[in-house]
Amino acid sequence: MGRRRNLLGLALAAVALAIGAAGGCSGAEKAYALRRESMVVTQIMGRGVRDERVIAAMRKVPRHRFVPAELREAAYYDGPLPIGSEQTISQPYIVALMTESLGLEGGGTVLEIGTGSGYQAAVLAEIADTVYTIEILPELADRARAILDTLGYGNVRVRAGDGFFGWPVHAPFDGIIVTAAAPRVPEPLVEQLAVGGRIVIPVGDEYQDLEIFTKADTGLVLLATVPVRFVPMTGKVRD
């Protein structure tokens with residue numbers, strides 16, 4: 001505990017100096033930056049995420065811009081938050097864990113199923129060359145696209161549609177991430193994943209596991225599972 005507090009103190013001091021040197025930031029943005037650094041140190045690094053690219057992305061992406069205005073004060077809270085339409089923005093740690101589990105080395109293309117707020121896509125966009133993301137609810141797709149465009153994420157392509165079918169015109173993907181729980185891994189996603197790539201997906205109904213697979217020539221190989229809780233994936237996957 002003492003070591004973690006020391007790390008947090010050093011990190012917050014560093015970010016405070018950086019903010020002061022940059023100038024031009026509003027008081028609110030400075031406060032959000034401090035909260036974001038605290039989130040990274042305590043929630044992300046403190047739980048074992050080690051990928052430097054993921055940590056850098058979590059440090060950079062302004063999570064508070066992806067939540068409803070009335071919830072911005074809670075944006076760096078250690079848990080999910082509602083974003084409307086009975087959907088949520090995932091807990092920061094889960095976003096970092098899923099991103100790290102993809103094993104991205106920088107560059108490449110990633111497919112995300114379940115755009116939601118757009119936050120996960122923004123984190124992925126800090127690492128991948130291009131992110132293709134699909135949201136089944138048009139109102140959420142439109143909102144996420146607007147936020148991502150405003151923040152300058154020109155390497156993210158957003159489409160409204162049923163993620164079960166993937167986005168075959170841009171396949172094969174180096175990684176696929178699914179941010180809603182499915183009863184099984186959709187077959188089209190397996191087909192669109194490059195050999196050697198990974199798919200990260202919560203599987204189950206009431207009880208779910210985050211399942212991490214890599215694709216071999218013979219099919220998917222399960223690498224790890226983690227208990228999780230996600231909103232259900234809807235559409236063709238439920239047939």
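Here, the structure is the one placed above.
Remember, predicted model here, so these are calculated numbers, not experimental data.

A. Geometry of the overall build of the protein chain. For the protein chain, the count of helices and strands is 7 helices and 9 strands. Classification of the 239 residues of the protein chain by burial places 49% in the buried group. Taking as baseline every contact in the protein chain between residues at least 6 positions apart, the subset at least 24 positions apart corresponds to 54%.

B. Fine view of the nonpolar core. Judged by nonpolar contacts, the single largest core of 49 residues is most densely connected at Met58, Phe66, Tyr119, Leu148 and Val156. Contributing elements (two or more residues each) for this core: α2 (27-44), α3 (52-60), β1 (81-84), α4 (92-101), α5 (119-125), α6 (138-150), β5 (156-160) and β8 (208-216). Setting aside residues up to four positions removed in sequence, Val156 forms contacts with Ala121, Ala125, Val131, Thr133 and Leu148. Counting 20 residues, the second-largest nonpolar core is a separate cluster that includes Ile113, Trp167, Val203 and Met233.

C. The arrangement of the layout of surface pockets in detail. By volume, the largest pocket is sized at about 560 Å³. Contributing to the lining of the largest pocket are 35 residues, with Gln87, Thr88, Thr179, Ala180 and Val231 lying nearest its centre. Those elements that provide at least two residues to the lining of the largest pocket are β2 (87-89), α4, β3 (109-113), α5 and β4 (130-135). Here the lining of the largest pocket is built from residues that sort into 16 nonpolar, 14 polar and 5 charged.

D. Broad picture of the environment of Gly152. In this structure, Gly152 sits in the loop between α6 and β5. Among the residues examined, Gly152 registers a relative accessible area of 57% and is labelled exposed. Sequence spacing of Gly152 and Ala122 is 30 residues, and the spatial spacing of their C-alpha atoms is 9.8 Å.

E. Region of the structure containing the packing of aromatic side chains. Applying the stated criterion to the full structure yields 5 aromatic pairs. Between Tyr32 and Tyr76 the ring centres are 6.4 Å apart and the planes differ by 50 degrees, which places this aromatic pair in the tilted class. Taken together, the residues span a long stretch of sequence, with Tyr32 in helix α2 and Tyr76 in the loop between α3 and β1 at a distance of 44 residues. The class for Tyr32 is buried, based on a relative accessible area of 9%. We classify Tyr76 as buried; its relative accessible area is 8%. Taking NZ or CZ as reference, Arg63 lies 5.1 Å from the ring centre of Tyr119, over its face. When the ring centre of Trp167 is taken as origin, the NZ or CZ atom of Arg159, which lies over that ring, is 4.7 Å away.

F. Summary view of the pairing of β5. In this sheet, β5 lies alongside β4 in parallel orientation, the contact comprising 5 bridges. Residue pairing for β5: Tyr132 is matched across the bridge by Arg157. Once the chain exits β4 it traverses α6 before rejoining the sheet at β5, and the crossover so formed is right-handed.

G. Looking closely at the pairing of β1. Here 3 bridges tie β1 to β2, and the two strands are oriented antiparallel to one another. Within the sheet, the bridge partner assigned to Pro82 lies in β2 and is Thr88. Counting the residues that bridge the hairpin from β1 to β2 gives 2 residues, and of these Ser85 lies at a positive phi of roughly 60 degrees.

About the cut-offs
- Residues numbered from 1 in each chain as written.
- Predicted model: local features only at pLDDT ≥ 70, side-chain atom pairs only at ≥ 80, totals over all residues.
- Heavy atoms only, no water.
- Helix = DSSP H or I, 4+ residues; strand = E, 2+ residues; numbered from the N terminus.
- Buried < 20%, exposed > 50% of the residue type's maximum accessible area, 1.4 Å probe, protein only.
- Contact = heavy atoms within 4.5 Å.
- Core = buried A, V, L, I, M, F, W, Y, C linked by side-chain atoms within 4.5 Å.
- 1 Å grid on protein atoms, 1.4 Å probe; cavity = no way out; pocket = protein on both sides within 12 Å on 5 of 7 lines; lining within 4 Å.
- Points joined across faces, edges and corners; volume = space filled by probe spheres on them.
- Nonpolar A, V, L, I, M, F, W, Y, C, P; charged D, E, K, R; others polar.
- Phe/Tyr/Trp six-rings, centres within 6.5 Å; stacked < 30°, edge-to-face > 60°.
- Lys NZ or Arg CZ within 6 Å of the ring centre and 35° of its normal.
- Pairing = 2+ DSSP bridges.
- Right-handed = clockwise from strand over helix to strand, strands pointing away.

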